[in-house]
Amino acid sequence: AQSVTQLDSHVSVSEGTPVLLRCNYSSSYSPSLFWYVQHPNKGLQLLLKYTSAATLVKGINGFEAEFKKSETSFHLTKPSAHMSDAAEYFCVVSPLWGGGSEKLVFGKGTKLTVNP
Amino acid sequence: DTGVSQDPRHKITKRGQNVTFRCDPISEHNRLYWYRQTLGQGPEFLTYFQNEAQLEKSRLLSDRFSAERPKGSFSTLEIQRTEQGDSAMYLCASSQQGENTEAFFGQGTRLTVV
């Protein structure tokens, strides 16, 4: 079975400061891991994905995430927050191989607020 | 526009009524997923199709819920005898079969049961 835990339900940062959104995963199989962003009244958009290639994954809009197997973590970071980054962020896990399921399992989300 | 489209975007219905939602996936995608998202929660998996075959259903999908994808293209999700607890955002996503494929999501149908 797969699951993800997003450690913070809300994160507030000032514009121009670093962003850290934390995610821990649990998977019986080699996982694929994703971060999705959801802006109000918009669909979920993929930020980045890890699929067993490089452990440091770069995504859109300056975001990146590092897969750490020893810590079962996949934290999302950005060096400098922009006002447009304010949104809900979801960490997502799916089995890369096997597991008999193609479903994505979402965390509960982290709401990011960016203050001017 | 070649993204995933869902119709309607909003639906208000009285308790006990039936509702049906439609999802049109990206045309070359053979996988289609339905998720439900309630306020303050992440999306929860409901069911998944590969072409016209429904391959997996969540325990969340009670017998009042039925999904179809008759020709392997668009899909419908029907909820019979709606209850207030069915109020949620219903999300559809599609992807191609294979490794490392990305799921593309529609904007969802927001259901309110009054």
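Just above sits the structure.
The text that follows walks through the structure, step by step, so that each part is easy to find.

**Points about the side chain of S75 of chain B**
Residue and element names in this part refer to chain B.
Next, step 1: Examined against the element boundaries, S75 turns out to sit in strand β8 (residues 75–79).
Next, step 2: There is a polar contact of 2.7 Å between the side chain of S75 and the backbone oxygen of E68.
Next, step 3: Ignoring anything within four residues of it in the chain, the contact list for S75 reads F21, R22, C23, L32, W34, F49, E68 and R69.

**Some words on the sheet that holds strand β1 (residues 5–7) of chain B**
Residue and element names in this part refer to chain B.
Next, step 1: Read from one edge to the other, the open sheet built from 4 strands follows the order β1-β3-β8-β7, with strand pairing classed as antiparallel. Only two strands of the sheet have a single neighbouring strand rather than two, namely β1 and β7 (65–68). Along the sheet, successive strands turn relative to each other by an average axial angle of 15°, direction set aside.
Next, step 2: With 3 bridges connecting them, β1 and strand β3 (residues 19–24) associate as antiparallel partners. Opposite D7, over in β3, you have R22 as the bridge partner.

**Considerations on the packing of aromatic side chains**
Next, step 1: Across all of its chains, the model carries 15 aromatic pairs over all chains by this definition.
Next, step 2: Look at F106 of chain A and F105 of chain B: their rings are 5.9 Å apart centre to centre, the planes differ by 85°, and that puts the pair in the edge-to-face class. Of this pair, F106 of chain A sits in strand β11 (residues 105–106) while F105 of chain B sits in strand β10 (residues 104–105), on two different chains.
Next, step 3: The buried category is assigned to F105 of chain B, whose relative accessible area is 9%.
Next, step 4: An angle of 35° between the planes, with centres 6.4 Å apart, marks the rings of Y33 of chain B and Y35 of chain B as tilted. Take Y33 of chain B and Y35 of chain B: they sit in the same class, and that class is buried.
Next, step 5: Ring pairs connect the aromatic residues F34, Y36, F90 and F106 of chain A together with Y33, Y35, F45, Y48 and F105 of chain B, which therefore count as one cluster.
Next, step 6: Its end group placed over the ring of F74 of chain B, R22 of chain B keeps NZ or CZ at 3.9 Å from the ring centre.

**Topic: the pattern of salt bridges**
Residues and elements named next belong to chain B.
Next, step 1: Under the criterion given, the structure shown has 6 salt bridges over all chains.
Next, step 2: The partner of R64 in a salt bridge is E83, and the shortest N-O contact between them spans 3.4 Å. Taken as a pair, R64 in the loop between β6 (53–57) and β7 and E83 in the loop between β8 and β9 (88–95) lie far apart in primary sequence, 19 residues in all.
Next, step 3: Relative accessible area serves as the criterion here: at 10%, R64 is assigned to the buried category.
Next, step 4: A relative accessible area of 41% places E83 in the partly exposed class.
Next, step 5: In this structure, D86 engages R64 in a salt bridge whose closest nitrogen and oxygen atoms are separated by 2.8 Å. Taken together, the residues D86 in the loop between β8 and β9 and R64 in the loop between β6 and β7 connect sequence positions 22 residues apart.

**Quick notes on the nonpolar core**
Residue and element names in this part refer to chain A.
Next, step 1: Of all hydrophobic cores here, the largest spans 27 residues; its most connected members are W35, L48, L76 and Y89.
Next, step 2: The element best represented in this core is strand β10 (residues 87–95), accounting for 4 residues.
Next, step 3: Apart from the residues lying within four places of it in its own chain, the contact partners of Y89 are Q6, L21, W35, Y36, V37, L47, F63, L76, G109, T110 and L112.

Reading the values: rules and limits
Residues numbered from 1 in each chain as written. Chains lettered and ligands numbered in written order. Predicted model: local features only at pLDDT ≥ 70, side-chain atom pairs only at ≥ 80, totals over all residues. Heavy atoms only, no water. Helix = DSSP H or I, 4+ residues; strand = E, 2+ residues; numbered from the N terminus. Polar contact = N/O pair within 3.5 Å; in protein donor to acceptor, adjacent residues only side chain to side chain. Contact = heavy atoms within 4.5 Å. Pairing = 2+ DSSP bridges. Axes fitted to C-alpha atoms, helices over the stretch in contact; angles between N-to-C directions. Phe/Tyr/Trp six-rings, centres within 6.5 Å; stacked < 30°, edge-to-face > 60°. Buried < 20%, exposed > 50% of the residue type's maximum accessible area, 1.4 Å probe, protein only. Lys NZ or Arg CZ within 6 Å of the ring centre and 35° of its normal. Salt bridge = Lys/Arg side-chain N within 4 Å of Asp/Glu carboxyl O. Core = buried A, V, L, I, M, F, W, Y, C linked by side-chain atoms within 4.5 Å.

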